[in-house]
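# Close look at the chain arrangement
The residues making up each chain are set out below.
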Amino acid sequence: MERNLTTGSIGKAVLVFSVPYLITYFLQMFYGMADLFIVGQYNGVDEITSVAVGSQIMHMATVMLVGLAMGTTVCIARAVGAGDKERIAQAVGNTSILFFGVSLAATILTLLFLDSIVSLMATPAAAVPGTTSYLFICFLGIPFITAYNVISAMFRGLGDTKSPLYFVAVACILNIALDYFFIGGMGLGAKGAAYATVLAQASSVLFSLIYIRLRDTGITLKLSCLRPNHAVFRELLRVGVPICMQDAFIQITFIILTIIANSRGLEQAAAVGIVEKLLGFFFLVPSSMLSAVSALAAQNLGAGKPDRARGTLNYALGIVITYGLAVGVLMQFFSPHVLSKFTTDAAVIAMGCDYMGAYIWDVTLGGIQFCYSGYFCAYGISIAAFIHNAVSSVTVRVPGAYLAVILWPETLMPMGAAAPIGSLLSIIICLFIIRWMKRHPEKLPGFPKVKEESP
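The present account deals with the structure reproduced in this document. (Residues numbered from 1 in each chain as written. Predicted model: local features only at pLDDT ≥ 70, side-chain atom pairs only at ≥ 80, totals over all residues. Heavy atoms only, no water.)

The secondary structure content of the protein chain amounts to 16 helices and zero strands. Considered along the principal axes of its C-alpha atoms, the protein chain spans approximately 60 × 45 × 35 Å. Buried positions account for 53% of the 455 residues belonging to the protein chain. The long-range fraction of contacts in the protein chain, counting pairs at least 24 apart against all pairs at least 6 apart in sequence, stands at 84%. Counting only carbon and sulfur atoms, one obtains 70% of the accessible surface of the protein chain, whose full area is about 19,700 Å². Seen as two clouds, the 27 positive and the 22 negative side-chain charges of the protein chain have centres 12 Å apart. (Helix = DSSP H or I, 4+ residues; strand = E, 2+ residues; numbered from the N terminus. Buried < 20%, exposed > 50% of the residue type's maximum accessible area, 1.4 Å probe, protein only. Contact = heavy atoms within 4.5 Å. Areas by Shrake-Rupley, 256 points an atom, 1.4 Å probe, with all protein chains shown as cover. Lys, Arg positive; Asp, Glu negative; His and termini not counted. Charge placed at Lys NZ, Arg CZ, Asp CG, Glu CD.)

Structure (structure tokens):
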């Protein structure tokens, strides 16, 4: 399963890593939307709202877990690049200890504050019982959700993104089948969607463990690897905690933007909601590049090849810029056609086109800062990724969207422009950080101790 991507074509390495990850991410989004679709086929607005609110909370929790697991990906990738089997085993063992504790604590805390979480989301009264039931079941399933995402993070560190694709495919098929069984067959509504999600994730974890057992990983876990190692723990947390905080911050920002959109009225809220869903798909490529840069650059740094790590960043930047510009230009012409697939309301389509016309450029600018964030993670300075995202959100994205509501109430275009302008500020900050990295490489935790040989 281990795949060393520190030699050969950089472009091929990026594509070999990112394409399966891209498909995996798509399947995760697909079966997440399937819950809402299937509930809508058999139930009323109250159950649909319950799943919508509950899934938003679970998405935030999952994103934070994935961010924390980035430390595992980077730590293992560096060890793979260095050819250090013992370090890989230590990273796997200490990751297991860390996330066992995290999942246990998260389960207990979320169950204790369940009612407060439902209230904080301003859940409509009719949807409170369904939302509470949905979240109660999903919170009990946090250990399975954690295990799935951590196992996937380990594989990505090994340079293998195909295996996690198999795991999510199993979860996707089971989730949809169980949705129809629990929601359509047994009439359980939102509660049935939660059962389907948790059982699908648990089955995926079981499948992944059997898969690992049958495959030769080349890694031998000894009892000593399951004892806390402070140096490994420190490396896992130094990368993972800032990314976890960043992802939580981003999700909170999206919630605030949703509240701002809702304040403008039903049609504006609908337009923003549809465009946000579409942008989730458009951002699949930038998101896959973030993961590719963090894992592949970390492997190359572990192998003592900083120049190749920088080459990985440059190749990923080329992909997101080309892709982002193409999508941006196309959506200037085809937004009405795309939006009409989701609604026939002419006012919603018109407002959605305004919002999309400005926001779509964030696929390019946001993609650039995603690549830089992955590069910072590879070097062990993921705090830099948190800083530039936090600064842009606090100073531009949120206040910009709020001011747009006041200054331009007749159009959503200025509100949509707040996102790419915020990403532009992030890029400027990233360029200053890159400049500092070039001047002070000795201060970077992940800078290779072995100098790269001249060709």
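Going through the model one piece at a time under the given rule, you end up with 15 aromatic pairs. Measuring from ring centre to ring centre gives 6.4 Å for Y42 and Y180, while their planes differ by 85°; the resulting arrangement is edge-to-face. Separated by 138 residues along the polypeptide, Y42 in helix α1 (residues 10–42) and Y180 in helix α7 (residues 162–185) bring together distant segments of the chain. Taking the relative accessible area as the measure of exposure, Y180 reaches 34% and is therefore partly exposed. Here the aromatic rings of Y375 and Y379 are separated by 5.2 Å at their centres, their planes lie at 75°, and the arrangement is edge-to-face. Y379 sits in the buried class, given a relative accessible area of 4%. (Phe/Tyr/Trp six-rings, centres within 6.5 Å; stacked < 30°, edge-to-face > 60°.)

Direction vectors running N to C along α1 and helix α2 (residues 45–82) enclose 170°, while the axes themselves pass 9 Å from each other. In this view, α1 runs roughly antiparallel relative to α2, as classed from their interaxial angle. Contact residues: D35, L36, V39 and G40 in α1; E47, I48, V51 and A52 in α2. (Axes fitted to C-alpha atoms, helices over the stretch in contact; angles between N-to-C directions. Parallel < 35°, antiparallel > 145°, perpendicular 65-115°, else oblique.)

A cluster of nonpolar side chains, contributed by F100, L104, I108, L109, L112 and F113, occupies part of the molecular surface with about 650 Å² of accessible area. Looking at the element boundaries, I108 is found in helix α3 (residues 85–112). Residue classification places I108 among the partly exposed positions, given a relative accessible area of 45%. (Patch = residues over 30% accessible without salt bridge, like charges linked within 9 Å, V, L, I, M, F, W, Y side chains within 5 Å. Salt bridge = Lys/Arg side-chain N within 4 Å of Asp/Glu carboxyl O.)

Looking now at the side chain of T146. Tracing the chain through its elements places T146 in helix α6 (residues 142–157). What makes T146 buried here is its relative accessible area of 3%. Among residues more than four places away in sequence, those in contact with T146 are L65, F99 and S103.

With that out of the way, let us pick up the environment of I433. The residue I433 is located in helix α16 (residues 413–439) in this model. In sequence terms I433 and T95 are 338 residues apart; their C-alpha atoms lie 29 Å from each other.

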